[in-house]
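# Per-entry structural report
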Amino acid sequence: MATRQASAANDPSANAQRDSDGRLQHLITLEGLSRDELTALLDLAQFYVRAPGDLPARDQSLAGHTVANLFFEPSTRTRVSFELAAQRLGAEVVNLDMQSSSRVKGETVLDTIYTLQAMHADILIMRDAEPGLPAMIARHVAPHVCILNAGEAHLSHPTQGLLDALTIRQHRADFSQLTVLIAGDIAHSRVARSAWQALTTLGVKELRIAAPEDLMPPAGEFAGATRYGDIDAAMRGVDAVMALRIQRERMLHSQIPDEASYYRTFGITSERLNLAKPDAIVLHPGPMNRDVEIASDVADGRRSVIQRQVTNGVAVRMAVLATIVRNVQARRQLR
Amino acid sequence: MATRQASAANDPSANAQRDSDGRLQHLITLEGLSRDELTALLDLAQFYVRAPGDLPARDQSLAGHTVANLFFEPSTRTRVSFELAAQRLGAEVVNLDMQSSSRVKGETVLDTIYTLQAMHADILIMRDAEPGLPAMIARHVAPHVCILNAGEAHLSHPTQGLLDALTIRQHRADFSQLTVLIAGDIAHSRVARSAWQALTTLGVKELRIAAPEDLMPPAGEFAGATRYGDIDAAMRGVDAVMALRIQRERMLHSQIPDEASYYRTFGITSERLNLAKPDAIVLHPGPMNRDVEIASDVADGRRSVIQRQVTNGVAVRMAVLATIVRNVQARRQLR
Amino acid sequence: MATRQASAANDPSANAQRDSDGRLQHLITLEGLSRDELTALLDLAQFYVRAPGDLPARDQSLAGHTVANLFFEPSTRTRVSFELAAQRLGAEVVNLDMQSSSRVKGETVLDTIYTLQAMHADILIMRDAEPGLPAMIARHVAPHVCILNAGEAHLSHPTQGLLDALTIRQHRADFSQLTVLIAGDIAHSRVARSAWQALTTLGVKELRIAAPEDLMPPAGEFAGATRYGDIDAAMRGVDAVMALRIQRERMLHSQIPDEASYYRTFGITSERLNLAKPDAIVLHPGPMNRDVEIASDVADGRRSVIQRQVTNGVAVRMAVLATIVRNVQARRQLR
């Protein structure tokens with residue numbers, strides 16, 4: 001962990017997300033967040049969690065604020081999760097279909113951002129395939145504008161990392177006793193990177209990553225994680241296993257040429273799950289390829305917490321929105 | 001009617017839409033709804049109707065609830081009608097563009113539904129071309145989640161059937177005195193099937209269906225309806241005539257090869273309308289092909305109630321939403 | 001100005017937008033609006049302007065009203081500006097993606113409008129490439145329905161004209177002392193036409209238009225404006241210069257075959273800006289082609305009011321919406 005936080009000091013996204021007093025103004029990466037900061041976000045998120053069948057939590061933390069969703073990559077799931085989180089905190093929400101709009105007209109992304117900022121849309125949620133874009137934008141917006149990263153290339157998906165941590169914490173409160181496995185296409189996964197950041201800072205006992213050889217990240221990444229090429233060995237004794245979505249186009253260029261062989265060599269099946277602790281939980285960020293990276297009966301089984309992750313996702317996004325707005329207000333009052 | 005209700009007992013959609021106490025939890029089909037149930041829905045809808053120029057009715061029946069629109073087939077008209085109905089009852093509404101989202105990514109429809117359910121979107125409005133999908137989904141969702149069918153293949157469009165019944169009832173309150181004609185592509189029409197179900201259960205004196213021979217449904221369907229191949233004969237003495245939208249691709253494979261000949265042999269013209277009762281009303285579910293299934297001057301004429309149908313559509317959807325939520329709450333309180 | 005208001009009496013759009021008592025029921029063109037009417041709109045808009053970092057203005061002027069956005073041409077910027085304006089006045093807002101909807105199904109535009117009107121969507125905001133469409137629709141809707149033109153072919157974009165006037169007035173309150181230049185593709189620009197109408201009626205001292213020869217409008221248009229073929233001559237001594245967006249497809253058919261030569265001969269650079277008054281401001285309607293019609297350093301420079309225009313745009317749209325609704329209510333009470 002010492003290693004990680006040293007490196008965080010050099011991460012441009014980690015620096016770009018804090019105001020001059022060190023408060024979080026944006027959320028671009030979990031890199032550099034302290035254990036206390038993560039815990040406070042998880043505690044507030046837990047406060048917003050409701051049981052299935054109960055009405056969702058609501059308050060007016062974002063009353064008067066305007067949230068804009070800018071998804072340059074399509075994602076119904078994450079976009080709706082942020083939209084509901086913002087609505088339930090009393091914000092106005094506008095959705096911009098960025099595929100069909102300004103980029104087509106040749107406007108720069110920064111000009112689109114300046115336009116939204118000038119419309120008093122002061123919370124901008126963005127997803128983009130370009131690494132570094134959220135940090136670049138965060139450096140240019142006004143001091144009262146917040147950038148929330150909803151997925152950045154293969155690098156960062158901070159609210160996903162938080163919801164994974166929250167889901168694991170609901171299973172076992174003490175991270176220092178937990179062994180967690182992330183399995184699949186680690187190399188290309190922003191989900192894996194953000195989960196690694198969250199779980200390492202929260203002090204998980206052991207974090208394992210398992211991937212086919214050519215989907216394993218370079219040695220400099222995922223510091224402190226134990227690496228496995230064999231999924232069966234990796235599963236032994238874990239408290240939680242997170243299966244990652246595998247993309248067909250990635251398989252084509254890997255040693256594992258098709259879905260059936262991926263399932264055979266790396267799919268999370270109930271047999272493999274028997275190698276984990278008896279009460280181990282199974283996570284997946286969705287959308288799932290059933291019977292490719294995860295067996296259908298495991299996805300629907302009693303150890304699956306996949307739907308609970310979705311519920312936690314809205315709660316985590318509410319917590320992040322409320323925290324970021326509170327930080328901006330604090331800064332404003334101190335001016 | 002006895003025949004119909006006996007058959008309803010075997011309709012899987014009719015059974016799937018009720019909870020264990022027999023309350024409507026979903027609205028998938030009008031099949032199996034009693035006359036009292038239909039009348040209660042129409043009465044509540046009438047309560048929500050406002051005159052043109054007045055502000056629309058609003059209340060907080062759905063406050064705290066989240067409604068998701070899942071339209072796998074495009075339909076601006078019905079989607080907006082449901083969206084306004086839900087908003088005016090105080091719900092949060094999210095729209096999912098299902099063409100461009102999860103199905104593209106290979107997620108199953110059921111996983112999309114589970115995801116929305118986990119986000120506390122407890123009222124799901126769906127349109128899809130696949131027969132049986134709403135009933136299948138209704139059998140899988142949690143007890144507090146409601147599925148509203150906004151159009152299912154050629155089979156069912158229950159809120160359309162209700163708005164047609166309401167529009168006819170506003171013209172003449174006593175169904176037992178009414179002769180109603182549905183004219184056009186009956187075979188492929190979910191509008192015709194839902195109207196037939198509503199009007200038959202409400203005890204209409206006579207229901208006529210008129211269609212070109214190859215657009216007439218098989219003999220087992222539309223029990224109790226009188227069948228006509230000749231539109232002029234069918235029009236004689238009716239109190240209300242509903243023209244159905246004809247789709248160009250259907251004509252290509254029928255005896256009526258083009259729009260001009262369809263209009264000549266089956267279009268609702270003012271001459272043909274003179275065969276009906278002097279005060280007969282004309283309905284159309286929209287969007288209209290003017291001067292194909294309906295003459296433009298009839299559509300805009302004094303006997304047209306087409307715009308009133310649209311107004312009634314929002315009111316009916318408010319009534320359905322408020323009723324379904326009330327049923328879920330009743331069930332919850334009795335647990 | 002006398003000339004202009006005489007011609008206004010013959011403009012069908014100018015007539016179509018007033019009710020029988022002469023009140024504005026719609027906003028289709030700035031043609032025919034008096035100086036007092038424009039001033040009242042600008043004053044109300046100014047009331048709605050907030051500084052960057054403050055929360056946006058909000059009230060309940062449109063509570064209970066439904067606003068529908070019908071953009072037949074894509075425009076994220078203007079659509080979102082109207083959407084936020086309506087939301088912040090307490091309206092319900094629905095967005096219709098008109099590219100993919102009813103026109104595809106063959107419904108006439110008027111039937112789409114009638115449908116929305118029947119759903120109690122009584123404020124319809126539309127953008128379309130067809131000249132005369134908003135006025136045609138305004139003549140057909142019910143007396144309580146308002147049509148707001150958000151861009152009509154090359155002819156009219158009234159809220160843009162108002163926001164330009166407001167932005168200039170914030171710089172210098174007395175129009176009678178001001179020289180304003182509009183530069184670029186005047187011939188095809190609805191932005192230029194609406195700005196010309198607003199600024200002429202407001203009594204600007206001199207309005208200049210500068211364009212390459214084949215992008216200059218015919219002699220009958222822009223009465224009272226001074227015409228320039230040379231941008232440097234046109235810039236001399238102006239208080240404000242508005243650069244228009246140039247479209248690549250227009251250049252292909254003009255004397256200026258590419259972006260580099262357009263920039264060289266007509267781009268607003270800092271050298272050219274030095275020809276204007278020392279405190280002259282620079283406007284652009286957006287989205288910008290940086291380093292084509294405007295130098296990037298000018299767009300971001302201290303004389304640029306481009307982001308202020310965007311802020312003013314929301315305020316102007318709030319003022320228009322609130323005024324139009326108040327006019328309809330006044331008319332209703334006098335019935």
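Predicted model, so just to flag it, every value in this text is computed and none were measured. (Residues numbered from 1 in each chain as written. Chains lettered and ligands numbered in written order. Predicted model: local features only at pLDDT ≥ 70, side-chain atom pairs only at ≥ 80, totals over all residues.)

## Description of the overall build of chain A
Which entries qualify depends on this criterion: Secondary structure elements are taken from DSSP: a helix is a run of H or I of four residues or more, a strand is a run of E of two residues or more, and numbering for both begins at the N terminus. Note that the radius of gyration is over C-alpha atoms, with the globule rule given as 2.2 Å times the number of residues to the power 0.38. In this scheme every C-beta is placed from the backbone, and a residue whose C-beta has 20 or more other C-beta atoms within 10 Å is buried, one with 12 or fewer is exposed, and one in between is partly exposed. A pair of residues counts as a contact when their C-beta atoms, built from backbone coordinates, are separated by no more than 7 Å.
The helix and strand inventory of chain A stands at 15 helices and 9 strands. Against the globule reference of 20 Å for 335 residues, chain A gives a C-alpha radius of gyration of 19 Å, in line with a compact fold. On the principal axes, the C-alpha backbone points of chain A span a range of 55 × 45 × 40 Å. When the 335 residues of chain A are sorted by exposure, 56% land in the buried category. Look at the contacts in chain A between residues 6 or more apart in sequence, and 77% of them connect residues 24 or more apart.

## A look at the sheet that holds strand β4 (residues 146-152) of chain A
Note: strands within a sheet are paired through backbone hydrogen bonds, in either parallel or antiparallel orientation. Residue and element names in this part refer to chain A. Stated formally: Only strands that DSSP links by at least two bridges are regarded as paired with each other. Think of each axis as a best-fit line through the C-alpha atoms, taken over the contacting stretch in the case of a helix, with angles from 0 to 180 degrees between the N-to-C directions.
One open sheet holds the 4 strands; their spatial order is β2-β1-β3-β4, and the pairing between them is parallel. The two strands at the open ends of the sheet, each matched to only one other strand, are β2 (92-97) and β4. Put simply, the sheet's adjacent strands are angled 15 degrees from each other on average, direction ignored. Running over the sheet, helix α4 (residues 76-88) touches β1 (66-71), β2, β3 (121-128) and β4 and is turned about 180 degrees from β1.

## A few points about the interface of chain A and chain C
Each partner contributes residues to the interface: chain A has 21 residues there, and chain C has 23 residues. Among the elements of the structure, β2, α5 (102-105) and α6 (109-118) of chain A are those that each provide at least two residues to the side of chain A that touches chain C. Ranked by residues supplied to the side of chain A that touches chain C, first place goes to α6 of chain A with 4 residues.

## Digging into the domain arrangement of chain A
All names here are of chain A. Here is the rule we go by: Boundaries between domains were set according to an automatic or database domain assignment.
Looking at chain A, the domain boundaries give domain 1 (2-153 + 311-334) and domain 2 (158-304). Listed as interface residues are 25 residues of domain 1 and, on the opposing side, 21 residues of domain 2. Counting residues per element, the ones that place at least two in the side of domain 1 that touches domain 2 are α1 (2-8), α3 (35-48), β4 and α15 (306-334). It is α3 that contributes the most residues to the side of domain 1 that touches domain 2, 6 residues altogether.

## Digging into the packing of helix α8 (residues 158-171) of chain B against helix α9 (residues 190-201) of chain B
Residue and element names in this part refer to chain B. Keep this limit in mind: Roughly parallel means an angle under 35 degrees; roughly antiparallel, over 145; roughly perpendicular, 65 to 115; everything else is oblique. For any helix crossing, the convention is left-handed if the near helix is rotated counterclockwise from the far helix by under a right angle, and right-handed if that rotation is clockwise.
Where α8 contacts α9, the axes come no closer than 8 Å and their chain directions differ by 55 degrees. The angle between α8 and α9 places the two elements in the oblique class. When the axes of α8 and α9 are compared, the crossing they make is right-handed. Where α8 approaches α9, its residues P158, Q160, G161, L162, D164 and A165 are matched on the opposing element by V191, S194, A195, Q197, A198 and L199.

## Remarks on the packing of α15 of chain A against helix α6 (residues 109-118) of chain B
Here is the rule we go by: Three classes are used, and their members are as follows: Ala, Val, Leu, Ile, Met, Phe, Trp, Tyr, Cys and Pro are nonpolar, Asp, Glu, Lys and Arg are charged, and the others, Gly among them, are polar.
Between α15 of chain A and α6 of chain B, the shortest axis-to-axis distance is 8 Å and the interhelical angle comes to 45 degrees. Our classification of the angle between α15 of chain A and α6 of chain B gives oblique. Both α15 of chain A and α6 of chain B take part in a crossing whose hand is right-handed. Of the residues in α6 of chain B, those touching α15 of chain A at Q307, V310 and T311 of chain A are Y114, T115 and A118 of chain B. Partitioned by chemical class, the residues of the contact of α15 of chain A with α6 of chain B number 3 nonpolar, 3 polar and no charged.

## What to know about the relation of the copies chain A and chain C
Keep this limit in mind: To superpose the copies, least squares is applied to the C-alpha atoms of every residue with a pLDDT of at least 70 in both.
Its rotation angle being 120 degrees, the transformation that places chain A on chain C also includes 0.0 Å of axial translation and leaves an RMSD of 0.0 Å. Taken together, the turn and the small shift mark the pair as related by a three-fold rotation axis. When C-alpha distances to the rotation axis are compared across chain A, the minimum falls at N95 of chain A, with a value of 6.0 Å.

## Let's talk about the sheet that holds strand β6 (residues 206-210) of chain B
All names here are of chain B. Strand order in the open sheet formed by 5 strands is β7-β6-β5-β8-β9, and the pairing between neighbours is parallel. Of all strands in the sheet, those bounded by a partner on one side alone are β7 (226-228) and β9 (281-283). Neighbour to neighbour, the strand axes of the sheet diverge by 20 degrees on average, direction disregarded. Where β6 meets β7, 3 bridges bridge the pair, whose relative direction is parallel. Counted as the bridge partner of R208 is T226 from β7. Packed onto the sheet, α9 meets β5 (179-183), β6 and β8 (240-243) and runs at close to 165 degrees relative to β6.

## Some points on the interface of chain B and chain A
Taken together, the contacts link 21 residues of chain B with 23 residues of chain A. Listing elements by their share of the side of chain B that touches chain A, those giving two or more residues are β2 (92-97), α5 (102-105) and α6 of chain B. Top element by residues in the side of chain B that touches chain A is α6 of chain B. It accounts for 4 residues. Split by residue class, the side of chain B that touches chain A holds 6 nonpolar, 11 polar and 4 charged.

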